[in-house]
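An overview of the molecular structure
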Amino acid sequence: MLTTVSICIYGKGGEVSAEMCLRFKLVLILSCDACRKISLQVPSHLQAETLVGKVNTKECFQSASLILSSDPDFRILEDGSIYTTHDLILSSARKSFYISLSDDQRQEQKEIEIVLDVRGKKVPKKRHTKDPVLKRSKRRWAPIPCSLMENSLGPFPQHVQQVQSDAAQNYTIFYSISGPGVDKEPFNLFYIDKDTGDIFCTRSIDREQYEQFPLYAYATTADGYAPEYPLPLLFKVEDDNDNAPYFENKVTIFSVPENCRTGTSVGQVTAIDHDEPDTLHTRLKYKILQQIPDHPKHFSIHPDTGVITTTTPLLDREKCDTYQLIMEVRDMGGQPFGLFNTGTITISLEDENDNSPYFTETSYFTEVEENRIDVEILRMAVHDQDLPNTPHSKAIYKILQGNENGNFKISTDPNTNEAVLCVVKALNYEVHREVVLQIGVLNEAQFAKAANSKAPTMCTTTVTVKIKDSDEGPECQPPVKVLQSTDGLPVGKELQGYKALDPETRSGEGLRYKKIGDEDNWFEINEHTGDLRTIKVLDRESKFVKHDQYNVSVVAMDAAGRSCTGTLVVLLEDNNDHPPQIDKEVTICQHAKDYAVLEPVDADGPENGPPFEFFLDNSANKLWNLETKDGKTAILRQRQILDYNYYTVPIIIKDRHGLDAKHMLTVRVCDCTTPSDCKMNIKNVRDFKPSNVILGRWAILAMVLGSALLLCILFTCFCVTAKRTVKKCFPDVAQQNLIVSNTEGPGEEVMEANIRLPTQTSNICDTSMSGGTLGGQGVKTQQSFEMVKGGYTLDSSKGGGHQTLESVKGAGQDTGRYTYTDWHSFTQPRLGEKVYLCGQDEEHKHSEDYVRSYNYEGKGSVAGSVGCCSDRQEEEGLEFLDHLEPKFRTLAKTCVKK
């Protein structure tokens, strides 16, 4: 089946306008059965270089390498576009030619027949308004592919396509369209002739803004009937190469190490083209137009990827550190008629340590006085072609020869990169009058061997240092001298002292000595000879002796006042003059262990110390046993379990040479687990005999004053107690109303109705009591707590009626007084009951008779208030409050109802 699509532009009156054909670019892509006949409708007059149409050659023959036209009047491009070669006037109704596609490698060839249909004036068919009979015919109401050329030159309105309905044979049909470009953005770009169905474009289109226009066409009758479904139309905008490519970044900077290998990637440049992707319009090619400096050529670029690489290994930063490349990017696959743009690429060379530093002079000369230290004597400059102030150019200097005694030090000045030579140890003119140094220099960074450079070598130079003679003071050599002596050397003994020399005469004549360091002042010094004489007995165990050594510092001066300092070390040989010593007191914790470990300490040296021997005095053998453990410690163990107390144990300890001492060891036997937990006092000590305990006069005075103060306190207590036995009698009613109240919760207001009187009375001033009592209060004596008769009563919630303290105590007993045990047994179960009932409340609320806040007293409780503890129901007055003592009157006022 042959599918034919035709587009034609008509002028006024229906004739084909040659001028319109010249200015209109018609581009049509036909892909349906591309290798068969393709029909193109064209005007009769075609100017030169006019685009006739476009065929898809790739679908017909993918690997075609040669495309030719059989008619010389037309030429074919790679993308299938058909152009006229000169002006043509087509006289016949149809003209045809062939497009030949061939592949030389595969020896294949295919042809596409192109038919040019020349049409005359278009005469629209007149429609009938009424035709009841519908005839079947070929369907024409179907989507037709259509394309528009971007940036069309017009003239406008420009005919795009025509839609027709088969129903137009029987009805008068009106056509309309909608969608983007009609009633949506961009508005009024397309319109349709409602009678003929011709669709027109009113202006040029930019494909980069609108790639396609999906429209819908409608066919309706005059009365609104739609015999056809809405027809979808897709107008695709064909790309015009109207956008030149450009580089993404206006200024691009790359960097590459100097001396890099050939083919090293420098960077990649990228360009942007807004034309349709994957077309010839966006097929970009890159090239380098110019290199600055232009000789020699060091860089190349891949035409398709834009990757810049090096073409030589001779990039030297020291010769040229920056290169500029003028780049071009062109579309249309780099063809001359393609659009293009240019850009500048800057390439910086990174420094490598490919140049060794070298001294500016081959040898140097300097001089210095002897005995000078920490003095700068010479500066040496170096030159390095690498980048300044980097590890590639910063110098490191070394003294290779001549500094075996460590008299010199060389360093680098961080600001100038110069070598600084200093004397750090005094030079002696009498020993060396001249020193020759060999000095080398390298960089901080490791040398990087370039392709065109040799192996690195260290640059060296020689420095001659002349030593100048000077008049020197005495010389103390060696600085430290060791002198042997014995421990315990008596006073008045002489020891050989420190000797200094004059370096000029090599003798000690005319020198004076002075002692400047002697911590414990053991010696005096002879001013002329420097010898020492003891003024104290030498003691190796002194705190000033460290590691058997005692130091004495001596200064030697000549007649000019110049001096030197030396140290004399007196090495003391140990003498066995200190017996072993132990702690005076040890603790034995019965809960942890039944023994104590004794660890003696001998102030003498190891040769006069352990192993030790331990002995118990005969008086201590009954209670104690002493075991030697390892010659350094002993275990003191109880022969039987002793009482917790202090014990004195006499112990004799001998060192290896038999020097012994007797120690009175105090042993504390305690009820503890660790000695620090023992709280045992020294009172009631058995067998503990402190020696030489003497009471001073102040201690005796303190004891006398303490005894007097104690007698005063006892006398005062007796007077107060006697006074309280004489009490004023109160009415019995007070026994039930003056109660102990230590709660801050609200209580009942004292009314006559709730004052309860006791059923039995007792004399409140009973002299058998140790103190006066108020109603309901217990009086605590030395043995027990008592409660006055008529105490509080509680109502039991579990039955049994009204219980009182009398019923709890039992009949037949004295109900006048109650012990604390009676009161506790009476109240404890009832208070526990209250607490239990409170806990049984579903909402866990407090019981109603619990203490409430001051600002709200509640509605009252079923059990009553605190007054429920009373067993008296009678009402009595409060006249007894008038007879209270002054300290109770304030309390009485609070009970009187105002």
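Each value, and the rule that gives it
- Residues numbered from 1 in each chain as written.
- Predicted model: local features only at pLDDT ≥ 70, side-chain atom pairs only at ≥ 80, totals over all residues.
- Heavy atoms only, no water.
- Helix = DSSP H or I, 4+ residues; strand = E, 2+ residues; numbered from the N terminus.
- Buried < 20%, exposed > 50% of the residue type's maximum accessible area, 1.4 Å probe, protein only.
- Lys, Arg positive; Asp, Glu negative; His and termini not counted.
- Salt bridge = Lys/Arg side-chain N within 4 Å of Asp/Glu carboxyl O.
- Polar contact = N/O pair within 3.5 Å; in protein donor to acceptor, adjacent residues only side chain to side chain.
- UniProt positions renumbered as here; feature names shortened; annotations may be inferred.
- Phe/Tyr/Trp six-rings, centres within 6.5 Å; stacked < 30°, edge-to-face > 60°.
- Pairing = 2+ DSSP bridges.
- Axes fitted to C-alpha atoms, helices over the stretch in contact; angles between N-to-C directions.
- Disulfide = S-S within 2.5 Å.

Here Glu150 shows up in the loop between strand E11 (146-149) and strand E12 (158-162). In this structure Glu150 is buried but unpaired, with Arg207 as the nearest side chain of opposite charge at 4.4 Å. Within the structure, the side chain of Glu150 is placed 2.7 Å from the backbone nitrogen of Asp240, a separation counted as a polar contact.

Looking now at the UniProt feature "transmembrane region" (unreviewed entry) in the chain. Under the present numbering, the feature "transmembrane region" (unreviewed entry) in UniProt falls on residues 698-720. Taken end to end, residues 698-720 is 100% helix and 0% strand, and its first and last C-alpha atoms sit 33 Å apart.

Remark: the centre distance and the inter-plane angle together describe each pair of aromatic rings, the angle taken between the planes. Counted under the stated rule, the structure contains 14 aromatic pairs. Seen from their ring centres, Tyr210 and Phe213 are 5.7 Å apart, and the 35 degrees between their planes marks the pair as tilted. Residue classification places Tyr210 among the partly exposed residues on the basis of a relative accessible area of 23%. The class for Phe213 is buried, based on a relative accessible area of 1%. Ring geometry for Phe523 and Tyr550: centres 6.3 Å apart, planes at 50 degrees, overall tilted. Of this pair, Phe523 sits in strand E39 (residues 523-525) while Tyr550 sits in strand E41 (residues 549-557), placing them 27 residues apart in sequence. Across the pair, exposure class does not vary: Phe523 and Tyr550 are buried alike.

Let us now look at the pattern of salt bridges. Across all of its chains, the model carries 18 salt bridges by this definition. Among the ionic pairs, Arg75 bridges to Glu49, the shortest N-O distance being 2.5 Å. Within this pair, whereas Arg75 is found in strand E6 (residues 74-76), its partner Glu49 is found in the loop between strand E3 (45-46) and strand E4 (51-55), the two being separated by 26 residues in sequence. Owing to a relative accessible area of 31%, Arg75 belongs among the partly exposed residues under this scheme. The exposure class of Glu49 is partly exposed, given its relative accessible area of 44%. Lys515 is the salt-bridge partner of Asp518, the closest N and O atoms lying 3.1 Å from each other. For Asp518, a relative accessible area of 14% gives the class buried. On the basis of relative accessibility, which here comes to 22%, the residue Lys515 falls in the partly exposed class.

To continue, consider the sheet that holds strand E49 (residues 660-670). The mixed open sheet is built from 4 strands, whose spatial order is E43-E49-E48-E45. Edge positions in the sheet fall to strand E43 (585-589) and strand E45 (613-616), since each of these pairs with one other strand and no more. Strand-to-strand, the axes of this sheet are offset by a mean angle of 35 degrees, without reference to chain direction. Of the pairings in the sheet, the one linking E45 to strand E48 (residues 645-654) comprises 4 bridges and is antiparallel in character.

A few words on the sheet that holds E41. Strand-to-strand pairing in sheets goes through backbone hydrogen bonds, with the strands running parallel or antiparallel. Across the sheet, which stays open at both edges, the 4 strands sit in the order E36-E42-E41-E38 with mixed pairing between neighbours. Of all strands in the sheet, those with a lone pairing partner are strand E36 (480-486) and strand E38 (512-517), marking the two edges. Going from strand to strand, the sheet's axes swing by 30 degrees on average, the running direction of each strand aside.

All right, on to the pairing of E48 then. Burial within E48 is extensive, with 7 of its 10 residues counted as buried. Alignment of E48 against E49, held across 10 bridges, turns out to be antiparallel. Bridge pairing in E49 places Ile651 opposite His663. Between E48 and E49, which pair antiparallel and follow one another directly, the connecting turn spans 5 residues, one of which, Gly658, has a positive phi of 90 degrees.

Applying the stated rule across the entire model yields 3 disulfides. At a sulfur-sulfur separation of 1.9 Å, the disulfide partner of Cys476 is Cys564. Its S-S torsion of approximately 70 degrees makes the covalent link between Cys476 and Cys564 right-handed. Of the two residues, Cys476 is situated in the loop between strand E35 (459-468) and E36 and Cys564 in strand E42 (residues 563-573); the sequence distance between them amounts to 88 residues. The same class applies to Cys476 and to Cys564, which are both buried. There is a disulfide in this structure between Cys670 and Cys678, and the S-S distance comes to 2.0 Å. Taking the torsion about the sulfur-sulfur bond, which here is approximately 105 degrees, the covalent link between Cys670 and Cys678 counts as right-handed. Classification of Cys670 by relative accessible area gives buried; the value is 3%. Classification of Cys678 by relative accessible area gives buried; the value is 9%. A disulfide-free cysteine, Cys146 has its sulfur positioned 9.9 Å from the sulfur of Cys201, the nearest such atom. Owing to a relative accessible area of 7%, Cys146 belongs among the buried residues under this scheme.

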